[in-house]
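These are the residues of each chain, in order.
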Amino acid sequence: MTQARKRKMATRAVQEATGLRYTAALRVEAASRTAIGQPVPLSALLAECATQPEADVDWGEDVFTEYVPEVFESALLGGAVPYVSVLALAGALSAYGPRAEVRVESLEPLWRAVVASGRRRFRIGILCGSVDELCRAPGCPEMPVMNGIIEYCEGHLATCNAHVLVGMARHVGIDVSTDGGDDLERRGGSPEAEILILAASARGAFAEVRDAFVHSAFMNPSDIDELYMGETAAIDMRHAIEREEMRLLGLARAEYQRIRKAAGTCRACPQDLTYRHVDLQVPPDYYTAECTPSAPSNPAPDPWENAEKCPF
Ligand SMILES: [Zn+2]
Ligand SMILES: [Zn+2]
Ligand SMILES: [Zn+2]
């Protein structure tokens, strides 16, 4: 009897015992075999990948078997997994070396699995041999906004604290500054910066996120006069920064108004938010900083510069 047949019978048994639908029973059966959440050394998974023979899998009737990848039965992950997926996963985790560990977050046999390593999470498409990095929030099925830079989906980005947003804003800034090169115009207008600014606006953390982005995408404007860069270059830099800061401010204000309008009254007290003046350093759905559940966001000191106020 093949592995697949044994599995089918075990699944049927689960189904009879529990009354679950077949797909749900498959999951229960897989979970009983996999040590879900148990750390597995990446090296052990690679050894398995290099030594296990190709598995003869019953993919079911709806699958064009000529397109499915070659798979092996992974005792470590608890089911059939494509060779290419394990290799791609190892590639994605290569920076951590062979001592990296992975753990299975979920497994839907012959369909997909989510594995995590540290805070990073990957979805393995078993049917197509794909590996996609997922949002870092455990259990989230969404992709990150920007792989390796904005590591959360848009929804979870809104729940990140100011410190995390500042870190990501700095990365996006470095990224656009590298891509844009000498063309200052091209460093502005980044849609990723836009997404971060909206999240920052919702958190009441606009100024620190804007500064983190602008200072790494362009430079800290207070450094312009100290740096010898020629009058024209200095003016160009100042204008490029102003333009981008105006753009970000417009986005933040619009998001602020949108959230405030949707909220109507303060989340903590009966105060009407309609007539409150715009204060981008207070979450728009609270009347004052005192109403917010935690004290106003307190970003960690920036190692790159003194904590000075942006002059714009
Ligand atoms: Zn998410
Ligand atoms: Zn309030
Ligand atoms: Zn600034």
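Residues numbered from 1 in each chain as written. Chains lettered and ligands numbered in written order. Predicted model: local features only at pLDDT ≥ 70, side-chain atom pairs only at ≥ 80, totals over all residues. Heavy atoms only, no water.

1. Observations concerning the confidence of the model for the protein chain
For the protein chain, the average pLDDT comes to 86, and 88% of its residues sit at 70 or higher. Confidence drops under pLDDT 50 across residues 295–312; counting only partners more than four residues distant or on other chains, this segment forms 26 contacts. (pLDDT = per-residue confidence, 0-100. Contact = heavy atoms within 4.5 Å.)

2. A closer look at the coordination of the zinc ion (ligand 2)
Coordination of the zinc ion (ligand 2) by the protein involves Cys266 (SG), Cys269 (SG) and Cys291 (SG), with metal-donor separations of 2.2 Å. Motif for the zinc ion (ligand 2), donor spacing along one chain: C-x2-C-x21-C. In this structure Cys269 comes out as partly exposed when scored by relative accessible area, which is 24%. (Donors = N, O, S within 2.8 Å, 3.2 Å for Na, K, Ca; no water. Buried < 20%, exposed > 50% of the residue type's maximum accessible area, 1.4 Å probe, protein only.)

3. Thoughts on the sheet that holds strand β7 (residues 130–134)
Read across the open sheet, the five strands follow the order β1-β4-β5-β6-β7; overall the sheet is antiparallel. Because the sheet does not close on itself, it has two edges, and the strands there are β1 (40–41) and β7. Here strand β5 (residues 112–117) pairs with strand β6 (residues 120–125) via six bridges, running antiparallel. Counterpart to Ser117 in the pairing with β6 is Arg120. Helix α4 (residues 83–92) rests against β4 (101–108), β5, β6 and β7 of the sheet, and its axis sits at about 160 degrees to β6. (Pairing = 2+ DSSP bridges. Helix = DSSP H or I, 4+ residues; strand = E, 2+ residues; numbered from the N terminus. Axes fitted to C-alpha atoms, helices over the stretch in contact; angles between N-to-C directions.)

4. Things to note about the side chain of Arg276
With respect to the helices and strands, the residue Arg276 is situated in the segment after α10 (231–263). Reaching out from Arg276, the side chain makes a polar contact with the backbone oxygen of Tyr286 at a distance of 2.9 Å. If sequence neighbours within four positions are ignored, Arg276 has contacts with Tyr256, Arg260, Val282, Pro283, Pro284, Tyr286 and Tyr287. (Polar contact = N/O pair within 3.5 Å; in protein donor to acceptor, adjacent residues only side chain to side chain.)

5. Observations concerning the nonpolar core
Counting residues in each nonpolar core, the largest one holds 41 residues, and the members touching the most others are Leu157, Leu165, Val172, Leu196, Val209 and Phe213. Counting only elements with at least two residues in this core, the list comes to α6 (162–180), α8 (191–203), α9 (206–217) and α10. Aside from chain neighbours lying at most four places away, what touches Phe213 is Ala169, Val172, Gly173, Val176, Arg187, Ala193, Glu244 and Leu248. One finds Leu45, Tyr83, Ala113 and Ile124 within the second-largest nonpolar core, a separate group that totals 27 residues. (Core = buried A, V, L, I, M, F, W, Y, C linked by side-chain atoms within 4.5 Å.)

6. Digging into α9
For α9, with twelve residues, the first-to-last C-alpha span of 16 Å sits near the 16 Å given by 1.5 Å per residue. Those residues of α9 that sit buried are Phe206, Ala207, Glu208, Val209, Arg210, Asp211, Ala212, Phe213, Val214, His215, Ser216 and Ala217. In this fold, the buried residues of α9 make contact with α6, α7 (184–187), α8 and α10. (Expected span 1.5 Å × (residues − 1).)

7. Focus on the pattern of salt bridges
Tallying each qualifying case throughout the model produces eleven salt bridges. Sharing partners across several salt bridges, the network here consists of Glu194, Glu244 and Arg247. (Salt bridge = Lys/Arg side-chain N within 4 Å of Asp/Glu carboxyl O.)

8. Some details on the packing of aromatic side chains
Tallied over the entire structure, the rule returns two aromatic pairs. Measuring from centroid to centroid gives 6.3 Å for Phe64 and Tyr67, while their planes differ by 75 degrees, and the two rings are edge-to-face. Residues Phe64 and Tyr67 agree in their burial class; the two are exposed. Pairing Phe72 with Tyr83 gives two aromatic rings, centres 5.0 Å apart and planes at 40 degrees, and the pair type is tilted. Placement of the pair is Phe72 in strand β2 (residues 71–74) and Tyr83 in helix α4, with a sequence separation of eleven residues. (Phe/Tyr/Trp six-rings, centres within 6.5 Å; stacked < 30°, edge-to-face > 60°.)

9. Thoughts on helix α3 (residues 42–51)
Those residues of α3 not exposed but buried are Leu42, Leu45, Glu48 and Cys49. One face of α3 carries all of its buried residues, which in axial projection span an arc of 120 degrees. Turned more than 90 degrees away from the buried face of α3 sit Ala50 and Thr51, all of them exposed. Turning to α3, the residues buried within the fold contact β1, β2, α4 and β4. (Arc of directions from axis to C-beta.)

10. Comments concerning the packing of α6 against α8
Two elements in contact, α6 and α8, have axes separated by 10 Å at closest approach and are oriented at 160 degrees. Regarding the angle of α6 to α8, the classification is roughly antiparallel. As for the relative orientation of α6 and α8, their crossing is left-handed in sense. Together, Leu165, Met168, Ala169 and Val172 of α6 and Glu192, Ala193, Leu196, Ala199, Ala200 and Arg203 of α8 make up the contact between the two elements. Considered class by class, the residues forming the contact of α6 with α8 number eight nonpolar, no polar and two charged. (Parallel < 35°, antiparallel > 145°, perpendicular 65-115°, else oblique. Left-handed = near helix turned anticlockwise from the far one by under 90°. Nonpolar A, V, L, I, M, F, W, Y, C, P; charged D, E, K, R; others polar.)

11. Quick word on the environment of Arg119
Assignment of secondary structure puts Arg119 in the loop between β5 and β6. For the pair formed by Arg119 and Cys135, sequence separation is 16 residues and the distance between their alpha carbons is 9.4 Å. With residues up to four places along the chain from it excluded, the contact list for Arg119 reads Arg136 and Tyr152. A polar side-chain atom of Arg119 sits 3.1 Å from a polar atom in the side chain of Tyr152.

12. A closer look at the environment of Tyr83
With relative accessibility at 16%, the residue Tyr83 sits in the buried group. Linking Tyr83 and Ile126, residues 43 residues apart in sequence, is a C-alpha distance of 9.7 Å. Leaving out residues up to four positions away in the same chain, Tyr83 has contacts with Cys49, Gln52, Pro53, Glu54, Glu70, Val71 and Phe72. At 3.2 Å, the side chain of Tyr83 and the backbone oxygen of Pro53 are in polar contact.

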